[in-house]
Amino acid sequence: MQIMKVDPRALKENPDRMRQSKSSPQADALMLATIKAVGIVQPPVVAPETDGGNGYIIDAGHRRVRLAIAAGLEEIEILVADAANDNGAMRSMVENSVREALNPVDQWRGIERLVALGWTEEAIAVALALPVRQIRKLRLLANVLPAMLEQMALGDMPSEQQLRVIAAAGQVDQKEVWKAHKPKKGDTAPWWQVANALTKKRMYAKDASFGDDLAQAYGIEWVEDLFAPADQDGRYTTNVEGFLGAQHEWMTNNLPKKGGIVEVNSWGQPELPKKASQVYGKPSKFDHAAMYLDRDGKVQTVHYRMPEAAKPKGIAGDGPATGGDDTDATTTPKVRPDVTQKGHDMIGDFRTDALHDALGRAPIEDDMLMALMVLAFAGQNVRIDSGADGTFYGGKRFSRHAVGLFDEHGKLAFDQDTLRVAVRSVLIDVLSCRRGMSNSGMIARIAGDAIGADEFLPNMGSDDFLLCLSRQALEASCAEASVQPRQKVRETRAALVEHFANVHFVHSSGRFAPPADELLEWIRAGAATDVIGARSRNDEDDADDVSEEQAGQVDDDVGHDDPEHAGVTPEEEYDHDFDQRAAA
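What follows concerns the overall build of the protein. Helices and strands together make up the secondary structure of the protein, namely 24 helices and 11 strands. Within the span of the protein, comprising 584 residues, buried residues form 34% of the whole. Relative to all contacts within the protein whose residues are 6 or more apart in sequence, the contacts with residues 24 or more apart total 71%. Surface exposure of the protein reaches about 36,100 Å², of which carbon and sulfur atoms provide 52%.

As structure tokens, then:
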């Protein structure tokens, strides 16, 4: 290198210079004043012409040379350097990057210039200390309309998301949209309107259940989304119809037993059959499966349970009517409970699955098993045929647990392990927290609390369950989890879902331990109605009234239609029952 003085008007501009965006008038005025006061502090870097001429081409300092001419300087000092093989492309880009950050358009132009000279994306990334992914993102500007690039070069840049949408669109679409939204001179471009006009529905490969064979059959071509996170599959397609068709064919070919394809409503929820109740816990073999496509085109599966066929039971409407005139007369506003009916259904499913898991796997002492067996047969849902004290309608499924206690000769022969398995199986069939006829009531919650079934409850911090909580209940959960409540309920719920994504959450209303007052009331009621030899006929009448209030548990006419009880007076029946209890 050597320093020499030349007339700045004799220097030639480099057509491949890096910074092509014009500087601001304020910056030019400041440099012009500096040159007039102290001259050029740092000489521009030039290189001899390589095409046979004897002039000099500016490598770095185009703005200094231009303002030196404006200041009227006759001579300036220059630094003559050897011409580079790439015509100074990399040197110019590094020098400009260090001085002041280039805008993305100039960066893209410099990268494309280096690529044309044989540089690889990896080599450019190493030289500029940039990620290879950033180099590839900048190269996407090659898909942007030149008129838009000119607007971006003025410093009016869209956001990354908007640029992503614009670069993914075709040149014809960009031209039409830009013609409609082109800003006036001196104004900024409405990039959000441009991006919205160019937005196309994307269906991502990570949401596809089908394989390459169906993708090829439906003409689906995957496009790599370079703006997606590096650790995710960013492939997508804008062929929405083909994507949904392939998903539907995959669902048709992979329907489970007792499964079907259902439509979704305007809220994106599956339209289940009438009278079907969705199962939020573990589905049983008798439950049905419904497959559907959500708003993102992803295959989703939910399970539901159909009600059992009602058995003939006399004339319908024997029970007390609800929703009559007396109900309509009440005008007090209803206050939403902390947990909705759907939430209680979900809690019942969660409790039952956890209780059954605990009965199947949790360590339980033999004396506790015996106590639980006594409790289980006091449940609301237990109905057995008894030859000692009347007839109660029920199934015969308990025999499948008893047959394991017999040997091949029909003799009772079992060991302690076999007995434990049988007892656990019976308890699983008997104890239930599900709402409806199978609900065991208080005893199922007592049993679950005794064996630690709370540890088997699933994470209730899902959007499905939190939708069932009131604002007060959500804010109470926020206080327990140290989460700041939001102004809107949905924002509070979203914050809880995000918080409980990695934290196991069980709502206080879903735990097994019953409230102390309800438990004491249940104990008192049981002690008052079933003391052997100590209850009066009035107590029996009261007990009958209580049993009648349990919906459908025991028919009012049981015993009266039985031929064995025909002609038996109430006093004789009471004495007969008393003698059997006394003998027991």
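Back to the write-up after that little detour.
Across a sheet, paired strands are connected by hydrogen bonds in the backbone, their directions being either parallel or antiparallel. An order of E5-E7-E6 is seen for the 3 strands of this open sheet, with the pairing classed as antiparallel. Either end of the sheet is taken by a strand with one partner, and the two such strands are strand E5 (203-204) and strand E6 (223-224). Direction of pairing for E6 relative to strand E7 (residues 235-237): antiparallel, over a ladder of 2 bridges. The partner of Val 223 across the bridge, within E7, is Tyr 236.

Let's shift gears to the sheet that holds strand E3 (residues 56-60). Spatially, E1-E4-E2-E3 is the arrangement adopted by the 4 strands of the open sheet, whose pairing is mixed. With partners counted over all chains shown, the strands left at the sheet margins are strand E1 (2-6) and E3, one partner each. Adjacent strand axes in the sheet meet at a mean angle of 45°, parallel and antiparallel pairs treated alike. Contacting E3 and strand E4 (76-80), helix H2 (residues 62-70) runs over the sheet at an angle of about 120° to E3.

To continue, consider the confidence of the model for the protein. Taken residue by residue, the protein gives an average pLDDT of 76. The fraction at 70 or more is 77%. A low-confidence stretch, residues 315-330 stays under pLDDT 50, and its non-local contacts, those more than four residues away or across chains, total 1 contact. Note on residues 385-395: pLDDT is under 50 here. Beyond four places in sequence and across chains, it has 18 contacts.

So, about the nonpolar core. Counting 44 residues, the largest nonpolar core has Leu 359, Leu 427, Leu 431, Ile 451 and Phe 465 as its most contacted members. Every element with two or more residues in this core is listed here: helix H14 (341-361), helix H15 (366-376), helix H17 (416-430), helix H18 (442-450), helix H19 (463-466), helix H20 (471-481) and helix H21 (489-499). If one sorts the elements of this core by residue count, H14 sits on top with 7 residues. Not counting the four nearest positions on each side in its chain, Leu 427 is found in contact with Leu 359, Leu 369, Leu 372, Met 373 and Ala 376. By size, the runner-up hydrophobic cluster in this structure holds 22 residues, among which are Trp 108, Leu 145, Ala 153 and Val 165.

Looking now at the packing of helix H5 (residues 121-128) against helix H6 (residues 132-139). Running from N to C, H5 and H6 point in directions that differ by 115°, and their axes come no closer than 8 Å. Judged by the angle between their axes, H5 and H6 are roughly perpendicular. Our pair here, H5 against H6, has a crossing hand that is right-handed. The segment H5 lies against H6, with Glu 121, Glu 122, Ile 124 and Ala 125 engaging Val 132, Ile 135, Arg 136 and Arg 139.

This part covers the pairing of strand E2 (residues 45-48). Both E2 and E3 contribute to a ladder of 4 bridges, which runs antiparallel. Bridged to Pro 48 within E3 is Tyr 56. As judged from the 2 bridges shared by E2 and E4, these two strands associate in the parallel manner. Bridge pairing in E4 links Val 45 to Leu 79.

Here the focus is H5. Those residues of H5 not exposed but buried are Glu 121, Ile 124, Ala 125 and Leu 128. What you see down the axis of H5 is that its buried residues fit within an arc of 100°, all on one side. Ala 129 occupies a position one or two residues after H5 and carries a positive phi of about 60°.

What counts, and where the lines are drawn
Along each chain, numbering runs from 1 in the same order as the chain's sequence is written. For a predicted model such as this one, the threshold for reporting local features is a pLDDT of at least 70, and the threshold for listing and counting side-chain atom pairs is 80 or more; totals across whole chains, interfaces and linings nevertheless cover every residue. To obtain the side-chain values, all non-hydrogen atoms of the structure were included, while hydrogens and water were left out. Helix numbers and strand numbers start at the N terminus; a helix is a DSSP run of H or I with at least 4 residues, a strand a run of E with at least 2. With a 1.4 Å probe rolled over the protein chains alone, any residue whose accessible area is under 20% of its type maximum counts as buried; one over 50% counts as exposed, and the rest are partly exposed. Here a residue-residue contact requires only that any non-hydrogen atoms of the pair lie within 4.5 Å. For every accessible area listed, the method is Shrake-Rupley and the probe measures 1.4 Å; residues are considered covered only by the protein chains on display. Between any two strands, pairing holds if DSSP finds at least two bridges. Axes, fitted as lines to C-alpha atoms, cover a helix only where it is in contact. Angles between the N-to-C directions of the axes lie from 0 to 180 degrees. A residue's pLDDT is the confidence the predictor assigns to it, expressed on a 0 to 100 scale. As used here, the term nonpolar core means buried Ala, Val, Leu, Ile, Met, Phe, Trp, Tyr and Cys residues forming a set that is joined through side-chain atoms within 4.5 Å. Orientation categories follow fixed angle ranges, with anything under 35 degrees roughly parallel, anything over 145 roughly antiparallel, 65 to 115 roughly perpendicular, and all other angles oblique. In this scheme the crossing of two helices becomes right-handed for a clockwise turn of the near helix relative to the far one and left-handed for an anticlockwise turn of less than a right angle. The arc in question is the one traced by the directions running from the helix axis out to the C-beta atoms.

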